[in-house]
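# Overview (structure and organization)
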4 protein chains.
Amino acid sequence: MRNDKQKVILDPSFRRMDEIFSPSDRERLHDLVDVVWGRDEPMPVAAARAALGSATAIVCTGWRYGEVIPAAPRLRAIIDVSGHFPAELDYRECFSRNIRVLSAAPGFARQVAEMALGLALSATREIVAGDAEMRAGRERWLHAGNETTSLLFDKPVGFIGYGSIARSLQPLLAPFGCPVSAYDPWLSDGYLRSNSVRPADLDELIRTSAVIFVLAAPSSENKALLGRELLAQVRPDAVVVLISRAHVVDFDALTEFVLEGRFKAAIDVFPDEPLAPDHPIRDARHAVLSAHRAGSVREGLWELGELVVDDLEAIIEGLPPQRLQNAVPELIDRLTVRPG
Amino acid sequence: MRNDKQKVILDPSFRRMDEIFSPSDRERLHDLVDVVWGRDEPMPVAAARAALGSATAIVCTGWRYGEVIPAAPRLRAIIDVSGHFPAELDYRECFSRNIRVLSAAPGFARQVAEMALGLALSATREIVAGDAEMRAGRERWLHAGNETTSLLFDKPVGFIGYGSIARSLQPLLAPFGCPVSAYDPWLSDGYLRSNSVRPADLDELIRTSAVIFVLAAPSSENKALLGRELLAQVRPDAVVVLISRAHVVDFDALTEFVLEGRFKAAIDVFPDEPLAPDHPIRDARHAVLSAHRAGSVREGLWELGELVVDDLEAIIEGLPPQRLQNAVPELIDRLTVRPG
Amino acid sequence: MRNDKQKVILDPSFRRMDEIFSPSDRERLHDLVDVVWGRDEPMPVAAARAALGSATAIVCTGWRYGEVIPAAPRLRAIIDVSGHFPAELDYRECFSRNIRVLSAAPGFARQVAEMALGLALSATREIVAGDAEMRAGRERWLHAGNETTSLLFDKPVGFIGYGSIARSLQPLLAPFGCPVSAYDPWLSDGYLRSNSVRPADLDELIRTSAVIFVLAAPSSENKALLGRELLAQVRPDAVVVLISRAHVVDFDALTEFVLEGRFKAAIDVFPDEPLAPDHPIRDARHAVLSAHRAGSVREGLWELGELVVDDLEAIIEGLPPQRLQNAVPELIDRLTVRPG
Amino acid sequence: MRNDKQKVILDPSFRRMDEIFSPSDRERLHDLVDVVWGRDEPMPVAAARAALGSATAIVCTGWRYGEVIPAAPRLRAIIDVSGHFPAELDYRECFSRNIRVLSAAPGFARQVAEMALGLALSATREIVAGDAEMRAGRERWLHAGNETTSLLFDKPVGFIGYGSIARSLQPLLAPFGCPVSAYDPWLSDGYLRSNSVRPADLDELIRTSAVIFVLAAPSSENKALLGRELLAQVRPDAVVVLISRAHVVDFDALTEFVLEGRFKAAIDVFPDEPLAPDHPIRDARHAVLSAHRAGSVREGLWELGELVVDDLEAIIEGLPPQRLQNAVPELIDRLTVRPG
C-alpha cells in the first residue's frame, strides 16, 4: 500500500518529542503526515538534507541544514520550536519562494503571561517577602505587614513590547481595571489603540507606570533599551517585572537600583544563566527572583506542539498557517540577533 | 443658622478615621451629614447612647451601646466596619423596626481576592519556593525548576463559600478559563448556576479541584468543616488556599498533610495569631505563608469608607443601601459566632 | 405514609402553570414541596385562606386573600409572578413578621433587554423602515439607503432606571463600547459607578444620549417623568426606546415629536393597550412599533418559574431567597402604584 | 524647502475622499506622506503609472494600472479600499518583491456585524413583522404576538465563514451565551477552537443552528455553497441571515423555502442588485429584507480610512501593516473571483 501522505521532518532537538507533543497531538500528527525522523537526538545533516528533497515542512530548532532552495523543492514551511526565529537561515530565499518561516514562540505566551502576573502580585503584595519573614520568625501581622504593599487594581500598567506575551497578559490584567500603556516601536499607534492599549513613549511609560512589564523579544535594536537613565525614572512605588530577556535591560543599573530600594523588581531572566552565585541581586530584599522558569512548565510546553500540528494541518491543505508566528520581511533582520 | 442635616455617629475604633476614609470620602461625608464623634478613640458609651437619641445611623465596630429601641427612635442603620456583623446586637429588635444592620465586609473583597489569586499563583508556579532557592544558591534553572509546577489555565477550581470574596475572585479567574465549582450551603444551586458557578458537594469539590479556595466566613455551622478526612482527599497536585478563616479548617490536619507533601497550601490565616514561633507549619516547604495580610492593604481599606458613604447617601434619602452587606433574619444567627 | 413536605400554594392565575414552569422545573417543584392547588384557574379565596393556615409560601398574582397575619402563621414568602409587587398587600405586617414579599419581575429582564437592543438596532440601522421600503418597491440601495442611519458602536447611551432590565441590557451593550449613563433616583451615585455606569441628571442624560432606554418600573413618583420639555431636548440623531412603561412618558408629546421627525423612537408599550386603531403614532415613519411583545416570548417565561423554584429551594431550607426581587420597606410604597 | 516625505498615490474612486477619510485621518495622512492625486475622480492611468515610479504605496479600488514591477521600483504596498482584493493584479510579481497587497475589507466588519445582529433579532423577535402589523392595524398583543418568536439567548449559532465579519460578530453575540460553531474550509480546526468557536461540517452546522450567519467572502470555491439540499435541512425555527454575498447561496431555493415558511431569513444581499421589482422574495412574510445596507453607514466608512492611515504609518516606517487584510499566496487565487 502506497503511503501518499506528505512528508514532514521532525527534528526538534534540543527539545524532546514528548516535551512538545501531547500524546493526542502526536497521534494527530502521525495521522496527518509521514513523519521523518521524529526522534529526540539531532538528525544528521546529510540525512536531513536528503529528506528535505521531498518534504513539505520541517520542524527544527535553528537552521543547520545549509542552503534551502536546492535542497527542498517542495518545502512549504520551516517551523522553529526553540522560541526564536533561526538566525542562520536565508530568509530572502524563503520569502521569494513563499516558504513560510514560522516560530512556535506564541506557544509560550500563556504560561509566561501567567508567571508575569504571578510575579507582579508576589512583588506588589510582598507575598515572597512575607513568606520569608514567616520562615525567619520576624513577620509582622495585619496592617503592620502591609506598610509597603499595594494593590494591582486600577494601577497604570506599562508594557515594553506588545507581542504574543503582552497579548496573553492583557486579558489576565483586564479584571483588575488597570489602564494599559505600551511602547512598541514596531507597531503603529492605531494598531495599539485598536487593541485597547494606549501607545506611549518609553520614558513616559517608565515614569507613570506602577507595574512595568518588560516583554520585548530581544532584537538588534533593543539591547539595554531600558538603560540607567530610564530606570532612574521608575516610580518609587513601582515594580519592574523582567520576563522576556535581560538583553533589554541594563542589568547592572537594575541591580543597583533595586538594592538601593528605589523600586521593586521581579526578575525571571538574567544576563548570564546560571546566575553567578555571588551576584548581588541575590540579596536584594526588594526583588522577587526566579531562575528562568516562566516558560518551561511541563504541561504548558504541549501548547507548542498543538500550534505546530494545527498549522501543519493548514499547510498540508495548502492553506496559510494561523497560529504560529510568521516571519515577515520587514522585521526578520531585526528579530534574528546574530551572534558576535 | 440651623444645621438641619441628619446626625450620624462615627465611632469606628479599633479602626482609625483616616484608615477607612479617603480625604475625599471624608469630605463627602461631612457635606452629607452632621458627624457626631468622628474620632479614632472609642466614644464613651453614655455619650453614644445620648447621641443615638437623635441619630439616623451609627458607624461602629461591634455593638457596645446596650439596647437599641429605647435609645434610638430615629435610627435607620447600624454599620459595622470591623468586617463582621456585631455579635452582641439584638437583631430581632432591629428587624422589627426596619433598622438596617450592615457590614462593610464587602469592602475587603477586592483586596482579599487579589491576594487569593497571588497566593495561588505563588504556590502553583512555585514563585515563593523558587525565590527562596535563588537566595540559598541552590536554584534549578528552566525545565529543572519546573518539575512540580503547574499552570492555572483551564484547571478546575473550587470555592468553599460563595460570598463577596468569591464574587470578587471569580472575574480574576475568568481569563484563565478555569471551570469553577462552589460549595455554599446557604445558596441554592440555581443561584450558583446563574452566576456561572457549578454547585458541588463538599467532598466532590475537594476531590476534583486543582485549586481549592477556602473563602467562607466563619459561622456557627462551619467550624473545622474542612476536616481531616476531607483534607485527605485533596489531589496531590492541588493547592489549598486558606484565605477567609482558619476556623473553617482542621488546622492540625492541614499542617500535617502539607508537611508530608501530600499537597500544597497557601495560608493567610491561622488559628492563633500571631502564630507560635515554633509552629511546625513555618517549616513546610510546600506552603506559602502570609501573616494575615490579605485584607489590610492601606489603600484598599478606603474601599470600606467608600461603601459606607455611598450607602449613607442612600439611607439619608430614605432609600435602601446597596453596597454594604445586609443582615438578613434567615442567616444572622448563624453568621454571628458568639463567644464561648 | 406521612407527607412531611412543606406546603406551597400555587395560584398563578392569570398566568398558566405551563406558561411559567418548564416540565423540569415543575418536576423539581413537586419533588421539593407539597403543591397546593397548582391549577390555571384562580383558587377560590376561602380555600386559599384555609390553605394559608399551613403554607410556607404562596405563588400568586396580586393579593386577593385578605389579611395575612391571622391566616398564615407559618408563611415565609409571598411570591408574585405578575411582574409587579401586589398593590393590595399589607407590607408592614409582612415586614414585621419577616415574611418575604418577592416579585418574579427579574425573570422578564433578559427577554426584555434583548428586545430593547433589537428595537434600538432596528431604529438606528433603519431595519424596519428599510424592509418596508423593500416591500413597497421604493428602497434605496447601499449608501443611498444609509443617509440617516447610524451605528450603535461607541455611542453614548442613557438608561432611565437602573433595575433588572438595565442590568440585563448592560452586558448586551458592552461589546459596542457605548459609554452608559443612568438616571435612577433610588440608587446612590456610588452604586451606579460601582456598576460601571455614570450617574447623570435626567436632563443631561436626555440631551447627550444617542440612545435613550426608558427602563424604569412605574412608580408613584415617575408618572410622565419624561415630559414634553425634556423630550424637546432629545438629540435629533437620537432614538428613544420605550420599553418599560408608557406611564413614564408624556406619550402625546412623544407622538407629536416623532411624527415631526425630531428624533426616532422604538415603542413597545402604550398608554392604552390595545392601542386605538387611529392613534397617530401608527403612521410615524420614524418609529418602530411593537405590540407590548418584549416580555412574553413563550420560552422566556419559563425563567419566571426557574427563579421561583430556585428561591423556594432556599426558603424551604430556611435560607434567604436570592433570585427574585425582594420588597424593601424603603421603596415598597412608591413601587406599588395603587389604583385611583 | 525640500519635501522628503514618501509619496503615496490616493486614487480611491469609486469611493470619495471624504467618504473614507475623517477630517482628522485626512490631516494625519497629509502630515505623514506626500499625497499624490487625492481626488474623487479616477486618476488617469498614464499619470498614475508615472507617479508609481516614485511612490511607496497606492490606495486604489481594483487595479487598472498595468504591470507593477517596471512601473514601481519603490512600491511597498497596494491598498484596495473597495472591500475586495483587486482581481486584475499580478500577485506573483507582488509576492516575489515583497509588495504588500492589502484590502480595507476589515474596515467594514464592525458595521456589518452590527447589522447582522440587528437583522437576526429583527427576525427572531419579529420586530419587522410586528411593526408591519401595527401599521396595518392587525397586530396581536402580548403573548398572542409571540407565538412564533424566539430568544437569541443560549441558542446554537452557526457561522459560515470565519473572517473579519465573524470575528466582529462573535463578541456581540458573546453576552447572549450562544454556543458558536463555524464552517470555514480555509482555517484549521485548532485555530477555530483557539478562538472559542467549535469547528463544524457544513451540513451539521445547517441542521443544528438556530441562527445561521452567512459571512463568507465570495470565492472561486463557494458559489452556491449553500445549495437547495442543504437549505432543506435548516431547522423550522431557524433564521438564515444572509449578510456577506448572495453568491454563496442558491438564492432561488432560499426564496422558495422562505416563501413556504420552512424557516425565517434576513437578507441584505441579492444576486442582482437592485432587486427586480417583481422578485417573489419581496412578498415573503418570513423574511426581513434590506437593500444591501449593512456596510455603507456613513460614519462607519471612516473606519476604512483609519485602517489605511494606521497601516501607512507602519509601512512608511518600514514595518509590517497590522490592520488591513494581507493577501497571502495560499489563498489569493481563490479569493479573487475573476469575471466570466
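Residues numbered from 1 in each chain as written. Chains lettered and ligands numbered in written order. Predicted model: local features only at pLDDT ≥ 70, side-chain atom pairs only at ≥ 80, totals over all residues. Heavy atoms only, no water.

Looking at an unreviewed UniProt entry, chain A carries the name Hydroxyacid dehydrogenase, with the source organism given as Phytoactinopolyspora halotolerans.

## Brief notes about the interface of chain D and chain A
Counting from both sides, the interface comprises 26 residues of chain D and, opposite them, 26 residues of chain A. Taking both partners together, chain D and chain A bury about 2200 Å²; carbon and sulfur atoms supply 55% of that area. Area buried by chain D at its contact with chain A is led by Leu319(D), Gln322(D) and Glu330(D), which between them contribute 25% of it. Our count for the chain D to chain A interface comes out at 4 salt bridges. (Contact = heavy atoms within 4.5 Å. Buried area = accessible area lost by both parts, 1.4 Å probe. Salt bridge = Lys/Arg side-chain N within 4 Å of Asp/Glu carboxyl O.)

## Some remarks on the environment of Leu10(B)
Residues and elements named next belong to chain B. On the secondary structure map, leucine 10 appears in strand β1 (residues 7-11). Judged by relative accessible area, which is 0%, leucine 10 ranks as buried. On a C-alpha basis, the gap between leucine 10 and alanine 57 in space is 8.7 Å, while along the polypeptide they are 47 residues apart. Ignoring anything within four residues of it in the chain, the contact list for leucine 10 reads Met17, Phe21, Leu29, Val35, Val36, Trp37, Gly38, Arg39 and Val59. (Helix = DSSP H or I, 4+ residues; strand = E, 2+ residues; numbered from the N terminus. Buried < 20%, exposed > 50% of the residue type's maximum accessible area, 1.4 Å probe, protein only.)

## Structural notes on helix α11 (residues 251-259) of chain C
Residue and element names in this part refer to chain C. Turning to α11, its buried residues are Phe251, Ala253, Leu254, Thr255, Phe257 and Val258. Of the surrounding elements, those touching the buried residues of α11 are α10 (228-231), β10 (239-242), β11 (264-267) and β12 (287-289). At the N-terminal end of α11, a side-chain oxygen is found 3.2 Å from the backbone nitrogen of aspartate 252, two or three residues along, and the residue is aspartate 250. Positioned one or two residues after α11, glycine 261 has a phi angle of 75°, which is positive. (Polar contact = N/O pair within 3.5 Å; in protein donor to acceptor, adjacent residues only side chain to side chain.)

## Considerations on the interface of chain A and chain B
Contact residues are listed per partner, giving 62 residues for chain A and 62 residues for chain B. It is Glu114(A), Trp141(A) and Arg293(A) in chain A that bury the most area against chain B; as a group they hold 14% of the surface buried on that side. Linking chain A to chain B there are 10 salt bridges. Arg298(B) is paired through a salt bridge with Glu147(A); the nearest N and O atoms lie 3.9 Å apart. Applying the counting rule to chain A against chain B returns 47 residue pairs in polar contact (both at pLDDT 80 or more). Contributions of two or more residues to the side of chain A that touches chain B are made by α5 (106-124), α6 (127-136), α7 (164-173), β12 (287-289) and α12 (298-316) of chain A. Looking at which element gives the most residues to the side of chain A that touches chain B, the answer is α5(A), with 9 residues. Split into classes, the residues belonging to the side of chain A that touches chain B amount to 28 nonpolar, 14 polar and 20 charged. (Nonpolar A, V, L, I, M, F, W, Y, C, P; charged D, E, K, R; others polar.)

## Things to note about the relation of the copies chain D and chain A
Overlay of chain D on chain A (RMSD 0.0 Å): rotation 180°, translation along the axis 0.0 Å. Such a turn and shift between the copies fits a two-fold axis. Scanning chain D for the C-alpha nearest the rotation axis identifies Ser96(D), at a separation of 2.5 Å. Of the interface residues in chain D, 100% have counterparts in chain A that sit at the interface too, so the contact is made through matching surfaces. (Least-squares fit on C-alpha atoms with pLDDT ≥ 70 in both.)

## Topic: the packing of aromatic side chains
Ring pairs (aromatic) are described by centroid distance and by the angle formed between their planes. Applying the stated criterion across every chain yields a total of 32 aromatic pairs over all chains. An angle of 85° between the planes, with centres 5.6 Å apart, marks the rings of Trp141(A) and Phe270(B) as edge-to-face. Residue Trp141(A) is located in the loop between α6 and β6 (157-160), and its partner Phe270(B) is located in the loop between β11 (264-267) and β12 (287-289); the two belong to separate chains. The pair Trp141(A) / Phe270(B) is uniform in exposure class, with both members buried. Geometrically, the ring pair formed by Phe159(B) and Tyr162(B) is stacked, given 6.5 Å between the ring centres and 20° between the ring planes. Accessibility classification places Phe159(B) together with Tyr162(B) in one group, the buried group. Through pairs of rings, three or more aromatic residues link up here, namely Trp141(A), Phe251(B) and Phe270(B). The side chain of Arg110(A) reaches across the aromatic face of Phe153(B), ending 4.1 Å from its centre. Sitting over the ring of Phe257(A), Arg262(A) keeps its end group 4.1 Å from the ring centre. (Phe/Tyr/Trp six-rings, centres within 6.5 Å; stacked < 30°, edge-to-face > 60°. Lys NZ or Arg CZ within 6 Å of the ring centre and 35° of its normal.)

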